[in-house]
Amino acid sequence: MMTGKTAKRDDLRVVVMGAGMAGILSGIKLREAGFSNTVIYEKAARVGGTWRENTYPGLTCDVPSHAYTYSFEPNPDWSYMLPPGAEVQDYFERTAKKYKIDEMIRFNEEIIRCEFKNGRWHLDMKSGLHDEADIVIAATGVLHHPSLPTIPGLDKFQGTMFHSSRWDHSVPLDGRRIGVIGNGSTGVQLICALAGRAAKVQHFQRTAQWIMPVENTPFTEEQKAAFRADRALLHSVQNDATYLANVERFTNAVADATSPEIAQIEAIVLDNLEQSVADPVLREKLRPNYRAACKRLIFSPSYYSAIQHPDAELVTDGIECIEATGIRTRDGRLHALDLLVLATGFKADQFMRPMNVVGRNGVKLNDVWAKRPNAYLAVAIPEFPNFFMLNGPTGPVGNFSLIDVAEQQWGYIAQLIERLRSGASQEIAVTQSAMDTYEQARLAAAKNTIFASGCNSWYLDAEGVPASWPWSYGRFKEAMAAPQLDAFGLKA
Ligand code: N01
């Protein structure tokens, strides 16, 4: 029988942190499920998260566009197999508008404190605003705090300098001398865009990268018209069997460094290097001394040709220091630059921090994560009741759609918050023993992954252990299908 108390639970206050891909998803799903008292706090003035913040030339989604799409909001108009970043940003803005999620968002509100007291989450914003919530969904993203290098003299440079995620579009590029430090996905995409445009572009490489060849084919107007006209066709492209099989194969490969699948990947990237780089000296400079996919694999249709452009140079001598006019390498050479781009990555261990998050009994997130950020199945933390994460620590990483990952995590979280809404539980927090069992198994499996095979990357935590889902994608889907309720303390 419905009681007054049960009916009231329809009104549970849900706070979503962040209006990027996962925050928009949360808003859509919460509204669809009938949660009427939801707010999304976003520190910036627009939706989009990483796609809002990264606007550097050459920014391209390296996951196939139709897979990098909400399952319920296919997009017949993707221009390319690997679309430009601005188009991805536009997709999120359109989707937020279409589902009226922008009306749910409080922009320019940065949450600085989130504390569980007397059965509710108390949130303080930088602006002085205060809110209380029954449920918190942290959709704050992973790669959003720029990691700046600690190179001597960084502050001495008198040209223009910025991090790749803080691009200043007022700075001219054509005919300039540009230096790019870092050759992760960002640095590689930058070189592809700048070679032939800058007077000279120098790529400062500390560690060589394996490059997976890929074709970036445009979708023709006929194809787009066919996708628009035929929903079933669009659905089949979105759920392309070859792509899905590749995801499964890739995750099996990275989960087992001895697998035949990883050997196949190694053969492809090695062949790409051998076939694409003519000069043997340059080829050796570009040859990594670690295994393919140990760092996040870079998919690029054009890096090898860009770095062989007459106006491009790969610099591998090691950076000694930065001076007023450029970079001095250890061989004593001064590389004069007008613009220096720091494509040096992000602090991948921050998640919702520096926000001060305090759980039940005064337990501080910073203490819980002092050794390494972790979470049960990547979504829940002991002593943090009714607090769930999308794309949180130890979730799948790799070269596939984080939208799909977030949707599956949402499916899992939705089942837990439904218990809160129905009144079956008042507080849901994963138990410490379930967390410990998960973490022990994860750490043991992480050691067998390719990520732990001997390279440095943002996948590794402070102790050098891969901070990722170490099993197959199939196993992730299985885990997300339904929560095992005995892993949770369910306070009635
Ligand atoms: O950053 P990274 P990123 N001196 O951490 C170098 C996603 N993404 O921005 O290898 C010299 O990969 C560092 O060198 P080393 C994607 O998940 C997605 O490129 O440590 N060099 C490395 O080369 C990706 O993995 C898309 O020796 C220094 C680079 O900086 C993630 O973002 C596009 C240095 C950092 O590479 C991060 O990529 C772009 C120093 N002091 C990015 N410090 C899509 O298309 C650091 N480096 C979806």
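Everything numeric in this text was worked out from a predicted model, so none of it was measured.

1. Points about helix α8 (residues 241-255)
Taking 1.5 Å of rise per residue, the 15 residues of α8 would be expected to cover 21 Å, and the 21 Å separating its terminal C-alpha atoms lies within 8% of that figure. Among the residues of α8, those classed as buried are Y243, V247, F250, T251, A253, V254 and A255. Buried residues along α8 sit in contact with α9 (260-276) and α15 (473-481).

2. Describing empty space enclosed by the protein
The tally for this structure, following the rule as stated, stands at 1 cavity of 30 Å³ or more. When its volume is computed, the largest cavity comes out at roughly 60 Å³. What lines the largest cavity is T251, V254, A255, P396, V397, F400, F451, W469, P470, W471 and Y473. A per-element tally of the lining of the largest cavity places α8 first, with 3 residues. Per-class residue counts for the lining of the largest cavity are 10 nonpolar, 1 polar and no charged. Shared between two domains, the lining of the largest cavity takes at least three residues from each, and those domains are domain 1 (14-145 + 347-491) and domain 2 (154-342).

3. Examining the state of the cysteines
Summed over all chains, the structure comprises 1 disulfide. As a non-bridged cysteine, C61 has C192 as the owner of its nearest cysteine sulfur, 15 Å distant. Assessed through its relative accessible area of 1%, C61 is described here as buried.

4. So, the domain arrangement of the protein chain
Annotation of the protein chain at the domain level lists domain 1 (14-145 + 347-491) and domain 2 (154-342). In this structure, domain 1 and domain 2 have C-alpha centres spaced 27 Å apart. Every contact between the two is made by 48 residues of domain 1 and, on the other side, 44 residues of domain 2. Counting the surface lost from both domain 1 and domain 2, the interface buries some 3900 Å², and carbon and sulfur atoms represent 58% of this. The largest contributions to the domain 1 side of the interface with domain 2 come from Y56, H66 and I450, which together make up 18% of the buried area.

5. Considering the nonpolar core
F92 and Y376 are the most contacted members of the largest nonpolar core, which has 115 residues in total. Take this core: its biggest share by element is 9 residues, from helix α13 (residues 402-422). Three or more residues apiece are contributed to this core by two domains, here domain 1 (14-145 + 347-491) and domain 2 (154-342). What F92 contacts, discounting residues up to four positions off in sequence, is M21, I24, V47, W51, Y68, Y70 and I403. Grouped together as the second largest cluster of nonpolar side chains are 25 residues, M17, V142, L365 and F384 included.

Rules and cut-offs
Residues numbered from 1 in each chain as written. Predicted model: local features only at pLDDT ≥ 70, side-chain atom pairs only at ≥ 80, totals over all residues. Heavy atoms only, no water. Helix = DSSP H or I, 4+ residues; strand = E, 2+ residues; numbered from the N terminus. Expected span 1.5 Å × (residues − 1). Buried < 20%, exposed > 50% of the residue type's maximum accessible area, 1.4 Å probe, protein only. Contact = heavy atoms within 4.5 Å. 1 Å grid on protein atoms, 1.4 Å probe; cavity = no way out; pocket = protein on both sides within 12 Å on 5 of 7 lines; lining within 4 Å. Points joined across faces, edges and corners; volume = space filled by probe spheres on them. Nonpolar A, V, L, I, M, F, W, Y, C, P; charged D, E, K, R; others polar. Domains from an automatic or database assignment. Disulfide = S-S within 2.5 Å. Buried area = accessible area lost by both parts, 1.4 Å probe. Core = buried A, V, L, I, M, F, W, Y, C linked by side-chain atoms within 4.5 Å.

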